[in-house]
Amino acid sequence: MTLEDPSLMVEHRESQNETVISGLGSTHLQVVLEKMQAVYNIDVGTRFFLSLIWS
C-alpha cells in the first residue's frame, strides 16, 4: 500500500510485536483501514494516538 500512497508510513516494532501505520490524519488512516479490510480481507485491531511534530 505504501507504493500506492507515499504519504503512508509502516513500521514494525518487534519489541511489542506490532505494526504501526502513520498517515496524514484520522480520515486518511480510516480510508487505509477500510481498504485493508475490503481489498485484502485483513481485519486489524487499532489504537489511535496523536503525535505532534514541531519544526
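Report on the accompanying structure. (Residues numbered from 1 in each chain as written. Predicted model: local features only at pLDDT ≥ 70, side-chain atom pairs only at ≥ 80, totals over all residues. Heavy atoms only, no water.)

Here we come to the overall build of the protein. Scanning the protein from N- to C-terminus turns up 1 helix and 2 strands. Starting at the N terminus and ending at the C terminus, the protein contains elements arranged as β-β-α. For the protein, the proportion of its 55 residues judged to be buried stands at 16%. When contacts within the protein are restricted to residue pairs at least 6 apart in sequence, long-range pairs at least 24 apart make up 18% of them. A total of about 5000 Å² of accessible surface is found on the protein, and carbon and sulfur atoms cover 55% of it. (Helix = DSSP H or I, 4+ residues; strand = E, 2+ residues; numbered from the N terminus. Buried < 20%, exposed > 50% of the residue type's maximum accessible area, 1.4 Å probe, protein only. Contact = heavy atoms within 4.5 Å. Areas by Shrake-Rupley, 256 points an atom, 1.4 Å probe, with all protein chains shown as cover.)

Below, the discussion takes up the environment of Val44. The residue Val44 is located in the segment after helix H1 (26-40) in this model. Exposure remark for Val44: the relative accessible area of 28% places this residue in the partly exposed category. In this structure the C-alpha to C-alpha distance between Val44 and Leu33, which are 11 residues apart in sequence, comes to 7.8 Å. Residues within four places of Val44 in sequence aside, it is in contact with Leu33, Met36 and Gln37.

Moving on, we come to the pattern of salt bridges. In total, this model carries 3 salt bridges according to the counting rule given. Across the pair Lys35 and Glu4 runs a salt bridge, and its minimum N-O distance is 2.3 Å. With a gap of 31 residues between them, Lys35 in helix H1 and Glu4 in the segment before strand E1 (9-13) connect regions that are remote in the sequence. Taking the relative accessible area as the measure of exposure, Lys35 reaches 28% and is therefore partly exposed. Exposure remark for Glu4: the relative accessible area of 52% places this residue in the exposed category. Each of Glu11, Arg13 and Glu18 takes part in one network of salt bridges that share partners. (Salt bridge = Lys/Arg side-chain N within 4 Å of Asp/Glu carboxyl O.)

Moving on: a nonpolar patch on the surface. A surface patch of nonpolar side chains, amounting to about 270 Å² of accessible area, comprises Val39, Tyr40 and Ile42. Tracing the backbone through its elements, the reader meets Val39 in helix H1. Overall, Val39 belongs to the exposed group, its relative accessible area being 54%. (Patch = residues over 30% accessible without salt bridge, like charges linked within 9 Å, V, L, I, M, F, W, Y side chains within 5 Å.)

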